Amino acid sequence: MEMVAASCPQFTGLRPTLHNARSQPFAQHFNSQLRPSSSRKPCRPVVAMAGSGKFFVGGNWKCNGTKDSITKLVADLNSAKLESDVDVVVSPPFVYLDLVSSSLTDRIEVSAQNSWIGKGGAFTGEISVEQLKDIGCKWVILGHSERRHIIGENDQFIGKKAAYALNEGLGVIACIGELLEEREAGKTFDVCFQQLKAFADVVPSWDNMVIAYEPVWAIGTGKVATPQQAQEVHVAVRDWLKKNVSEEVASKTRIIYGGSVNGSNCGELAKQEDIDGFLVGGASLKGPEFATIVNSVTAKKVAA
Ligand SMILES: O=C(CO)COP(=O)(O)O
């Protein structure tokens, strides 16, 4: 890490220098359920490394797996050799969270794929932040494009979920990214900035936030963004944070890339200065390949 700190600005804090409103009334209704900001508890850091600039790799298992396949995946992860200077998180489906959380090595933290917007109660089918913490979850993925575009969550609803989770002490992996037609219309930055702003408007702190840039056209398609395409957006996101939040948040917040990352393309992506890790879908279901992606931090060190 020392060699990296000496030569790579992104590990020193001296960095050079992207909806669907299915039901606005639904989101508005729950706005009123949130406590006013003045009565919120200050954000409790759950993970000491958040904001440290450490490489971050998350595995989003989405709606995949069975008890048998997940038990095997956990065994593979438990025996994998992982570079030490990487934050590693896996995100199983809700029903397997407890199983994973109780059988996975402490080396890897566990994340949920969603959380309720406020305190639990009469919300059929939802899972509260309090319940996630109860079973050892440290993180939650919010704003994933599948929830934005398939389930219909809008920017404000997602922002409020993030604010609630952060206030209650969970780390948030906040996803942003453009659709193919938005990219082709030259709106990539506009879309990402609008999604970012919805987070920035409400979150109490960026200390436990990781931003995942996931171009929707690259998710599950095998069509990975080129390292240059990803780097270009990561730089723009960092610049937006610098101008609209603070220089410190811009330099400390990890911006990770997601979209068809695999064991073969991770090295070239990791070398990009502003790519601070990955959010991996399909390839995270294979323990050895996921380990290769985690260990792509070595490519970053060499590049630095
Ligand atoms: O959506 C993703 C991670 O959240 C990326 O999925 P894939 O890696 O399967 O493209």
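As annotated in an unreviewed UniProt entry, the protein chain carries the name Triosephosphate isomerase, chloroplastic and is attributed to Hibiscus sabdariffa. Turning to the protein chain, the UniProt record has this under Sequence similarities (unreviewed entry): "Belongs to the triosephosphate isomerase family." Among the UniProt annotations of the protein chain, the heading Subunit (unreviewed entry) holds the following wording: "Homodimer."

Novice: What exactly am I supposed to notice about the overall build of the protein chain here?
Specialist: Looking only at helices and strands, the protein chain has 14 helices and eight strands in total. The buried share of the protein chain, reckoned over its 304 residues, is 53%. Here the protein chain displays about 12,900 Å² of accessible surface, and carbon together with sulfur accounts for 53% of that area.

Novice: Would you explain the site of the ligand in this entry?
Specialist: Within the structure, the ligand sits among 13 residues, and Lys62, His144, Gly220, Ser260 and Gly282 are positioned closest to it. Within the side chain of Glu214, an N or O atom sits 2.9 Å from an oxygen atom of the ligand. One of the backbone nitrogen or oxygen atoms of Gly281 is found 2.9 Å away from an oxygen atom of the ligand. When isolated, the ligand has an accessible area of 310 Å², and the protein chains bury 94% of it. Within the shell around the ligand, the residues separate by chemical class into four nonpolar, seven polar and two charged.

Novice: Whenever I open this one, the packing of aromatic side chains confuses me. Can you help?
Specialist: Here the distance between the centres and the angle between the planes together describe a pair of aromatic rings. Applying the stated criterion to the full structure yields six aromatic pairs. Relative to Phe123, the ring of Trp116 has its centre 4.6 Å away and its plane inclined at 35°; by these criteria the two rings are tilted. Under the relative-accessibility criterion, Trp116 is labelled buried at 5%. A ring pair is formed by Tyr213 and Tyr257, whose centres lie 6.3 Å apart and whose planes are at 55°; its orientation type is tilted. A residue pair is termed long-range when its members are at least 10 positions apart, and Tyr213 in strand 6 (residues 209–213) and Tyr257 in strand 7 (residues 255–258) qualify at 44 residues. Per residue, the accessibility class of Tyr213 equals that of Tyr257, and both read buried. Through successive ring pairs, a cluster of aromatic residues spans Phe189, Phe193 and Trp240.

Novice: Just checking my understanding: could you explain the nonpolar core for this structure?
Specialist: Most often, soluble globular proteins keep nonpolar side chains buried together rather than apart. The biggest cluster of nonpolar side chains holds 65 residues, and the ones touching the most others in it are Val57, Val100, Val172, Phe199, Trp206, Tyr257 and Phe278. If near-sequence neighbours (up to four positions away) are discounted, Val100 is found in contact with Trp61, Ile70, Val74, Val90, Pro92 and Val110. Residues Phe56, Trp139, Ile141 and Cys175 belong to the second largest nonpolar core, which totals ten residues.

Novice: How should the confidence of the model for the protein chain be read in this particular structure?
Specialist: Detailed reading of the predicted coordinates is not advisable wherever pLDDT is low. Per-chain confidence: the protein chain averages 86 in pLDDT, with 83% of residues scoring 70 or above. When the criterion is pLDDT under 50, residues 1–52 qualifies, and its contacts beyond four places in sequence or with other chains add up to 108 contacts. Note on the complex model: pTM 0.85, ipTM 0.99.

Novice: Which parts of the structure should I look at to understand the packing of helix 7 (residues 155–167) against helix 9 (residues 188–200)?
Specialist: Helix-helix packing: each pair is described by the crossing angle between the helix axes and the interaxial distance. At a minimum axis separation of 8 Å, helix 7 and helix 9 run at an interaxial angle of 40°. Relative to helix 9, the element helix 7 is oriented oblique. Viewed along their axes, helix 7 and helix 9 form a crossing whose handedness is right-handed. Where helix 7 approaches helix 9, its residues Asp155, Ile158, Gly159 and Ala162 are matched on the opposing element by Gln194, Gln195, Ala198 and Phe199. Looking at the contact of helix 7 with helix 9 residue by residue, the classes come out as four nonpolar, three polar and one charged.

Novice: Which parts of the structure should I look at to understand the pattern of salt bridges?
Specialist: It is possible for side chains bearing opposite charge to pair when their charged atoms get close. Under the definition given, this model contains 18 salt bridges. In this structure, the salt-bridge partner of Lys301 is Asp85, at a minimum N-O distance of 2.9 Å. Of the two residues, Lys301 is situated in helix 14 (residues 297–303) and Asp85 in the loop between helix 3 (67–79) and strand 2 (86–91); the sequence distance between them amounts to 216 residues. Here Lys252 and Glu248 are joined by a salt bridge, their closest N and O atoms 2.6 Å apart. Highlighted residues: Lys252 and Glu248, both in helix 11 (residues 247–252), separated by four residues, approximately one helical turn. For Glu248, a relative accessible area of 49% puts it in the partly exposed group. Members of the salt-bridge network, linked through shared partners, are Lys54, Asp87 and Arg254.

Reading guide: rules and limits
- Residues numbered from 1 in each chain as written.
- Predicted model: local features only at pLDDT ≥ 70, side-chain atom pairs only at ≥ 80, totals over all residues.
- Heavy atoms only, no water.
- UniProt positions renumbered as here; feature names shortened; annotations may be inferred.
- Helix = DSSP H or I, 4+ residues; strand = E, 2+ residues; numbered from the N terminus.
- Buried < 20%, exposed > 50% of the residue type's maximum accessible area, 1.4 Å probe, protein only.
- Areas by Shrake-Rupley, 256 points an atom, 1.4 Å probe, with all protein chains shown as cover.
- Near = heavy atom within 4 Å.
- Polar contact = N/O pair within 3.5 Å; in protein donor to acceptor, adjacent residues only side chain to side chain.
- Nonpolar A, V, L, I, M, F, W, Y, C, P; charged D, E, K, R; others polar.
- Phe/Tyr/Trp six-rings, centres within 6.5 Å; stacked < 30°, edge-to-face > 60°.
- Core = buried A, V, L, I, M, F, W, Y, C linked by side-chain atoms within 4.5 Å.
- Contact = heavy atoms within 4.5 Å.
- pLDDT = per-residue confidence, 0-100.
- Axes fitted to C-alpha atoms, helices over the stretch in contact; angles between N-to-C directions.
- Parallel < 35°, antiparallel > 145°, perpendicular 65-115°, else oblique.
- Left-handed = near helix turned anticlockwise from the far one by under 90°.
- Salt bridge = Lys/Arg side-chain N within 4 Å of Asp/Glu carboxyl O.

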